[in-house]
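Structure assessment
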Amino acid sequence: MSKVGNRGVIGQPIKRKEDQRLITGKGIFVDDIVLPEMLHASFVRSPYGHAYVKRIDASRALGLPGVVDVVTGEEFAKFVRPQKAHSGLDSPTARALEDYGIAVKKAIYHGEAVAAVVALDKYTAKDAVELVEVDYDPLPPLVDAEESMSDGAVKIHDGTPTNVVWHKTYNYGDVDKAFSKADLIVKSRLYFDRFMAAPLETYVIIASFDRGQEVMTVYCNSAHPGRDVFLVAGALNLSPNRVRLICQDNGGSFGNKNNIYPYTALIGYLAMKTGRPVKWVMDRNEHLLASGHGNEMIYYGEIAVKKDGTILGIKARLIADEGSELRSEPRGAMVWIRQLTTFYRFRHLRMEVNAVLTNKCPTGSMRAYGKVQHCFLIESLIEKAARQLRLDPAEIRFKNFILPKEMPYKNPAGNIYDGGDYPGCLRRTLEMVGYEDWRKKQQKLRREGKCLGIGIAMAMESQGGNLAPLWKKGHKSSGSVGSAMIRIDADGNISASVDSMSMGHSHQTTTAQIVADVLSVSPDDVDVFAGFDSWITAFGERYSGSYASRFSTVHHGAIFGAAKRMREKILRHGAFLLGSAVNKVELVQDGKVRVKGTKKSAGLKEVASNAWLNTGVLPKDLEAGLVVHYVYKAPLKPLESAELGKGNFSLTYAYGGAAAVVEVDPGTGMVKLLKIVLVDDPGRCINPMVCEGQVHGQIGHQVGAALYERLLYDKTDGRLLTSTFKDYLLPTAADFPTLETAIMETPSLFSPLGARGMAEGGGVPQIAVINAVRDALSPLGIEIDSSHIEPEEILRRIQERTDR
């Protein structure tokens with residue numbers, strides 16, 4: 001962690017720079033953009049989970065006034081290059097996959113696009129979709145990953161040898177020896193349910209093709225535009241430098257908008273074919289059906305413990321349901337390797353990984369991507385072991401925590417934890433929830449026949465790094481980068497941009513705080529570009545984007561590095577203007593350059609004007625102008641062994657603790673959340689007010705995953721049963737007690753400003769709520785082995801126990 005500047009702006013809860021613009025309706029979202037002669041697209045989607053597309057008759061749709069064209073999957077396939085498993089996964093099945101983003105001969109999940117309609121307006125396009133006639137030959141769907149990986153299962157993709165796209169076992173330590181020394185081995189089949197992010201704004205894309213220059217300009221709300229430039233260019237047979245991708249204001253992502261790129265290529269082709277700009281706005285039903293779902297996983301897990309609660313080792317078989325295509329995967333199935341043993345000191349772990357295709361919407365990144373599932377596995381096994389050992393759930397965790405004095409700590413895979421106080425986090429969580437008092441109340445209420453449960457959990461969220469070498473042999477990329485630009489014009493106006501985009505993250509505010517702190521000015525003096533433009537703003541190649549909590553690590557590093565270089569430039573120009581040596585001047589309030597120990601100074605405007613407009617007097621070794629483009633590289637080395645899964649995969653390891661108190665009504669199965677607390681350690685907090693708002697969103701999303709939100713498929717026809725907000729339930733403010741949160745700052749040992757990511761937190765509120773439900777039902781002998789629980793399921797389980 002470094003300290004530069006003297007304003008102390010970092011760490012202050014200043015008001016968000018974005019708010020005035022956004023709350024007064026002055027934001028610019030993709031759907032606000034209207035281009036001349038713009039057409040509108042809509043997709044025909046499969047009503048089946050698995051079916052051959054036998055015939056498409058678009059004649060009635062083409063006869064509707066205002067319809068310009070109807071394009072089928074087969075036509076797309078003639079002109080658009082397929083997206084191979086872009087993660088580079090190398091396996092017989094993965095090599096055979098060809099993802100066009102649209103069904104070509106066979107629809108492989110409910111809601112997959114089979115044709116696109118282009119019309120003069122969006123309403124005509126929607127109406128025309130209803131007129132396209134498609135003949136299907138339905139096939140048996142596979143919506144169960146275990147069934148899909150079995151011998152003789154129907155193949156999701158024709159011509160593939162199996163539905164298993166990745167299988168590998170990783171060993172750390174001596175697992176068999178550790179288990180042989182156990183006093184108790186606890187086993188559990190755990191299921192992590194499929195759910196998704198539901199941002200206010202769905203996918204929106206506008207594509208416009210300049211035939212003269214052969215330039216594709218795309219306006220969209222992608223969360224990973226740097227990568228998308230290259231994917232879209234490859235699909236449309238263009239050079240990447242001829243794809244300009246622009247992202248402005250964004251109505252939320254939570255990881256979901258990492259998966260937009262197949263549609264971007266499709267809309268791009270429509271623009272190329274029609275010769276006119278084309279806009280597509282995904283409706284909410286489409287978003288639930290066919291955007292990107294969170295990772296669904298099955299674990300067969302075992303934990304070996306001593307009588308006193310000491311954890312000796314864990315082994316598990318993971319079955320990852322990837323859906324029908326590999327878009328972000330198998331990252332979600334492999335990211336556990338970054339935080340192998342999470343907070344605990346045990347050194348022996350075995351993980352067998354199976355990534356499996358099913359007839360469902362493809363999975364992809366979402367808040368706590370892949371980490372919440374691994375934390376759920378470990379925390380669930382610890383919880384069950386504590387019950388069988390008759391230990392308090394807090395006691396067993398304290399027994400096994402890595403201690404602050406052991407930092408930086410190297411886990412068995414070689415990941416180096418960047419500091420933290422895990423026992424302190426849990427202690428504070430217990431104090432905030434009133435743990436001891438609730439335990440006393442629980443005893444009394446249980447005697448009265450009430451089902452009160454208290455759940456605690458810890459969860460970790462690793463950030464930065466590169467997983468691809470694990471599954472892509474010979475993959476040479478390593479580390480991670482972020483890019484930032486700062487410019488001061490001749491009038492002294494400061495502008496900054498970074499190769500990310502804000503989706504409610506307050507990037508304009510925190511970027512301004514970092515720049516202001518280093519340049520000794522006010523954040524109000526720093527204008528931050530709201531968005532991303534691959535031709536204009538800072539560009540970090542394929543890394544550019546807002547995902548995996550990168551902003552608080554590599555982007556902070558880029559902004560901080562750019563600001564420090566700009567500071568050096570200002571001092572050099574100021575020293576020249578004042579006729580002094582560089583080491584004799586200092587930067588003081590309002591960006592003035594002053595000769596140390598004197599009152600002699602030059603204002604920032606004066607320095608900037610001379611740097612830009614009076615270049616004839618500048619010495620040869622003093623660069624004209626005040627512009628800095630800085631690329632920060634995370635201090636990560638290539639992996640020790642990709643084959644063995646060893647190396648330091650992440651720069652920082654954010655974490656948090658949560659506690660929940662619930663009451664379960666045994667007559668209805670309804671769960672009432674009585675209290676929820678969350679303690680989050682983001683390292684050094686740039687803006688505490690922003691941090692608090694972020695963790696409130698985390699609680700809402702992850703409690704929703706535990707009690708409300710679930711994507712459920714019908715096993716007989718493969719249809720998504722929860723494809724509207726009438727069926728896919730979202731929690732509201734009325735479903736929560738007062739949210740109680742705390743920020744615990746233990747600076748990262750490795751990131752430039754000591755910051756880590758935050759508000760992903762490895763899904764800790766979700767796990768705490770499930771542990772609370774487990775605790776409430778434990779006197780009835782009921783085990784909860786899933787990450788989501790429905791009242792009907794609770795009631796059924798209670799009735800089964802009653803009927804015995």
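Conventions adopted
Starting from 1, residues in each chain are numbered consecutively following that chain's sequence as written. Local features in this predicted model are restricted to residues of pLDDT 70 or higher, and side-chain atom pairs are both shown and tallied only at a pLDDT of 80 or more, whereas totals for entire chains, interfaces and linings draw on every residue. Only hydrogens and water are set aside; all other atoms, that is, all heavy atoms of the structure, feed into the side-chain values. Numbering of helices and strands runs from the N terminus, with a helix taken as a DSSP run of H or I at least four residues long and a strand as a DSSP run of E at least two residues long. Think of it in three bands: with a 1.4 Å probe and only protein chains considered, a residue is buried below 20% of the maximum accessible area for its type, exposed above 50%, and partly exposed in between. Under the rule applied, a polar contact is a pair of N or O atoms within 3.5 Å (in protein, one hydrogen donor and one hydrogen acceptor; residues adjacent in sequence only if both atoms are side-chain atoms). One requirement defines pairing of two strands: DSSP has to find at least two bridges between them. Domain segmentation is taken from an automatic or database assignment of domains. We call two residues in contact when some of their heavy atoms are within 4.5 Å. Buried area: the sum, over both parts, of the accessible surface (1.4 Å probe) that disappears when the two are put together. The salt bridge criterion pairs a side-chain nitrogen of Lys or Arg with a carboxyl oxygen of Asp or Glu, the two atoms within 4 Å. Polar here means any residue outside two lists: the nonpolar Ala, Val, Leu, Ile, Met, Phe, Trp, Tyr, Cys and Pro, and the charged Asp, Glu, Lys and Arg; Gly therefore counts as polar. Here the arc refers to the directions that run from the helix axis out to each C-beta atom. Residues are called lining when one of their atoms sits within 4 Å of a cavity or pocket point, these points coming from a 1 Å grid over the protein atoms alone, where a cavity is a set in which a 1.4 Å probe fits but cannot get out and a pocket is an open set with protein on both sides within 12 Å along at least five of seven lines. Grid points are joined across faces, edges and corners, and a volume is the space filled by probe spheres set on the points. Only the stretch in contact is used when fitting a helix axis, every axis being a line fitted to C-alpha atoms; angles between N-to-C directions are given from 0 to 180 degrees. If an angle is under 35 degrees, it is roughly parallel; if it is over 145, roughly antiparallel; if it lies from 65 to 115, roughly perpendicular; otherwise it is oblique. Should the near helix be turned counterclockwise from the far one by less than a right angle, the crossing is left-handed, whereas a clockwise turn marks it as right-handed. Disulfide assignment relies on a single distance test, namely cysteine sulfur atoms paired within 2.5 Å.

Remarks on the side chain of Asn-687
Examined against the element boundaries, Asn-687 turns out to sit in the loop between strand S28 (671-681) and helix H19 (688-707). Among the residues examined, Asn-687 registers a relative accessible area of 1% and is labelled buried. A polar contact is formed between the side chain of Asn-687 and the side chain of Gln-513, at a distance of 2.9 Å.

Overview of the sheet that holds strand S2 (residues 51-57)
Spatially, S4-S2-S6 is the arrangement adopted by the three strands of the open sheet, whose pairing is antiparallel. Across the chains shown, the open sheet's two edge strands, defined by having one partner strand only, are strand S4 (106-107) and strand S6 (133-138).

Section: the domain arrangement of the protein
In many analyses, interface size is given as the accessible surface area lost on bringing the parts together. Along its sequence, the protein is organised into domain 1 (19-25 + 481-633), domain 2 (33-139 + 197-290) and domain 3 (296-468 + 640-803). In this assembly, 20 residues from domain 1 lie in contact with 21 residues from domain 2. At the boundary of domain 1 with domain 2, total buried surface from both sides reaches about 1,600 Å², with 57% on carbon and sulfur atoms. Ranking the residues of domain 1 by area buried against domain 2 places Met-503, Trp-535 and Arg-542 at the top, with a combined share of 37%. Viewed at the interface, domain 2 and domain 1 are joined by two salt bridges. A salt bridge links Asp-533 to Arg-244; the nearest nitrogen and oxygen atoms lie 2.6 Å apart. The tally of links between domain 1 and domain 2 comes to nine residue pairs in polar contact (both at pLDDT 80 or more). At the level of elements, helix H1 (19-23) and strand S22 (532-533) are the ones that each hand at least two residues to the side of domain 1 that touches domain 2. Taken together, the residues of the side of domain 1 that touches domain 2 sort by class into ten nonpolar, six polar and four charged.

Some points on helix H18 (residues 604-613)
Within H18 the residues assigned to the buried category are Leu-604, Val-607, Ala-608, Asn-610 and Ala-611. The arc enclosing the buried residues of H18, seen along the axis, measures out at 160 degrees, which places them on a common side. Exposed residues pointing more than 90 degrees away from the buried face of H18 are listed as Lys-605 and Leu-613.

Let's talk about the pattern of salt bridges
Going through the model one piece at a time under the given rule, you end up with 46 salt bridges. Residues Asp-681 and Arg-756 are paired through a salt bridge, measuring 3.2 Å at the closest nitrogen-oxygen approach. You can see Asp-681 sitting in strand S28 and its partner Arg-756 sitting in the loop between strand S29 (739-743) and helix H20 (764-777), a full 75 residues away along the chain. Like Asp-681, the residue Arg-756 is buried in the burial classification. Taken together, the shared-partner salt bridges connect Arg-45, Lys-126, Asp-283 and Glu-286 into one network.

Things to note about empty space enclosed by the protein
Here the structure, examined in full by the defined rule, presents four cavities of 30 Å³ or more. For the largest cavity, the calculated volume is near 50 Å³. Forming the walls of the largest cavity are 13 residues, and the residues nearest its centre are Gly-294, Asn-295, Met-366, Arg-367 and Gln-373. Its residues assigned to classes, the lining of the largest cavity comprises six nonpolar, six polar and one charged.

What to know about the sheet that holds strand S9 (residues 204-210)
Strand pairing in a sheet takes place through backbone hydrogen bonds and is either antiparallel or parallel in direction. The strand order across the open sheet formed by eight strands is S3-S5-S1-S12-S9-S10-S11-S22, and the pairing between neighbours is mixed. The open sheet has two edge strands with one neighbour each: strand S3 (67-72) and S22. Sheet topology places S3 next to strand S5 (residues 113-119); five bridges connect them, and they run antiparallel. Following the sheet pairing, Val-70 is matched in S5 by Val-117. Against the sheet, helix H5 (residues 122-129) contacts strand S1 (39-45), S3 and S5, and its axis sits at roughly 25 degrees relative to S1. In the packing of helix H8 (residues 225-235) onto the sheet, the strands contacted are strand S11 (243-247) and S22, and the crossing angle to S11 comes to about 145 degrees.

Structural notes on the packing of helix H13 (residues 393-400) against helix H14 (residues 422-433)
One can describe the packing of H13 onto H14 by two numbers: an axis separation of 10 Å at closest approach and a directional angle of 160 degrees. Judged by the inter-axis angle, H13 sits roughly antiparallel to H14. As for how H13 packs across H14, the hand of that crossing is left-handed. Here H13 contributes Ala-394, Arg-397 and Phe-398 to the contact with H14, which in turn contributes Pro-423, Leu-426, Arg-427 and Leu-430. Across the contact of H13 with H14, the residue classes tally to five nonpolar, no polar and two charged.

Thoughts on the state of the cysteines
Cysteine pairs can be linked by a disulfide, which is a covalent bond between their two sulfur atoms. Scanning the entire structure with this criterion turns up one disulfide. There is a disulfide in this structure between Cys-685 and Cys-691, and the S-S distance comes to 2.3 Å. Disulfide Cys-685-Cys-691: torsion about the S-S bond near 130 degrees, hence right-handed. Taken individually, Cys-685 and Cys-691 each receive the classification buried, so the pair is uniform in this respect. No disulfide involves Cys-220; its sulfur sits 4.2 Å from the nearest other cysteine sulfur, which is in Cys-247. Cys-220 provides the cysteine sulfur closest to Cys-361, a residue in no disulfide bond, and the two sulfurs are 18 Å apart. With relative accessibility at 0%, the residue Cys-361 sits in the buried group.

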